[in-house]
Structures are given as C-alpha cells and as structure tokens.
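Results of the structural survey
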Amino acid sequence: ELGDNAKAALINRGMVEMARFGRSRGGQPETFFGLAGFGDLVTTCCSKHSRNRSVGEAIGRGETLEEILGRMEMVAEGVWTTKALFGPEAELGDEELPIAKQVHEILFENKDAREAVQTLMQRAPASEMGDLLENAE
C-alpha cells in the first residue's frame, strides 16, 4: 500500500544491491542490468504470476510465512535464497545488504513489514549507483 513510486524506488535500490553483491562474488555488474538480472527482478516484482510476489503480498496482509508456505504448491525460491544469504554458512564480510536484511528479518525474525520499510527509509541518503559501474573491470 505504499504506491508506485515507492515500489519503483525499492526495485531500483534492490537491483543495485544485487549487482553490488554479485560484483563482490566476482560477477560483472553489467550482467545484472540485462534480462537475466533486471528483467527477472521486474518480472518477480510485477507479475501477478510471481510466487515471490505472492509471498510478499501475503506477508503484507499479515499472514505468517508458515501459513503461506503451507498452502503453496510451488517453491518461492526467494524465501530460501534469503535464508541462505543470512544463514550460518554465509560469508558476507563487510557487505551491506539493507533490503535483503529487512526481508530476512520479516520472513524469519517476525519483523513487521511497515517497521522494515521505516528502517530502510531512515538510512542516510546515498548515491544510487555510487561506484558500482565506475570500478567495473
């Protein structure tokens, strides 16, 4: 219920976060801005057929992850990717993944989604792309 501009900002910042994470693992940031990255993210966020979007909308309506997964017949892979990203085997180092961290806290630590949005909104302003593409090799 935040509106289209908030959704667009979240998609944009999420894309940059994903590209930075990929670069830290040896990927080329440009890859994330093509169909395999940005195309997939937009489809995941905007398609009424997206399993990940369905999970997010149900969470936003106040349902628990357990309730949602209990009725799903297919896998919402973003749930398990988020769990792995912050699991004990994860090696994030100094990486900052503010959106992914808030998603993890919503899904696995029972954080209220509105509180997570507030946490993101209270972050210090920063450049959208920063040095992401400048330092690409």
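Parameters and conventions
Residues numbered from 1 in each chain as written. Predicted model: local features only at pLDDT ≥ 70, side-chain atom pairs only at ≥ 80, totals over all residues. Heavy atoms only, no water. Salt bridge = Lys/Arg side-chain N within 4 Å of Asp/Glu carboxyl O. Buried < 20%, exposed > 50% of the residue type's maximum accessible area, 1.4 Å probe, protein only. Helix = DSSP H or I, 4+ residues; strand = E, 2+ residues; numbered from the N terminus. Phe/Tyr/Trp six-rings, centres within 6.5 Å; stacked < 30°, edge-to-face > 60°. Core = buried A, V, L, I, M, F, W, Y, C linked by side-chain atoms within 4.5 Å. Contact = heavy atoms within 4.5 Å. Polar contact = N/O pair within 3.5 Å; in protein donor to acceptor, adjacent residues only side chain to side chain.

Across all of its chains, the model carries seven salt bridges by this definition. With its nearest N and O atoms 3.3 Å apart, the salt bridge here joins E63 to R61. R61 gets classed as exposed once you look at its relative accessible area, which sits at 56%. One salt bridge connects E105 with K101, and the closest N-O pair in it is separated by 2.4 Å. Of the two residues, E105 and K101 are both situated in helix 7 (residues 98–108); the distance of four residues between them amounts to about one turn of the helix. Through salt bridges with shared partners, one network takes in R61, E63 and R71.

Quick look at the packing of aromatic side chains now. For the coordinates displayed, the defined rule picks out one aromatic pair. Plain terms: the ring middles of W80 and F108 are 6.5 Å apart, the flat faces sit at 45° to each other, and that makes the pair tilted. A residue pair is termed long-range when its members are at least 10 positions apart, and W80 in helix 6 (residues 77–85) and F108 in helix 7 qualify at 28 residues. Judged by its relative accessible area of 42%, W80 is partly exposed.

Across soluble globular proteins, you tend to see nonpolar side chains buried next to one another. If you look at the biggest cluster of nonpolar residues, it comprises 10 residues: V55, A58, I59, L65, I68, A76, V79, I106, L107 and A116. Within the residue set of this core, elements represented by two or more residues are helix 4 (51–60), helix 5 (65–71) and helix 7. Looking at this core element by element, the count peaks at three residues for helix 4. The residues touching A76, leaving out its near neighbours within four places in the chain, are R51, N52 and V55.

What follows covers the side chain of E105. What makes E105 buried here is its relative accessible area of 13%. Polar side-chain contacts of E105 include one of 2.4 Å to the side chain of K101. Sequence-distant contacts of E105, defined by excluding residues within four places in its chain, comprise N110 and K111.

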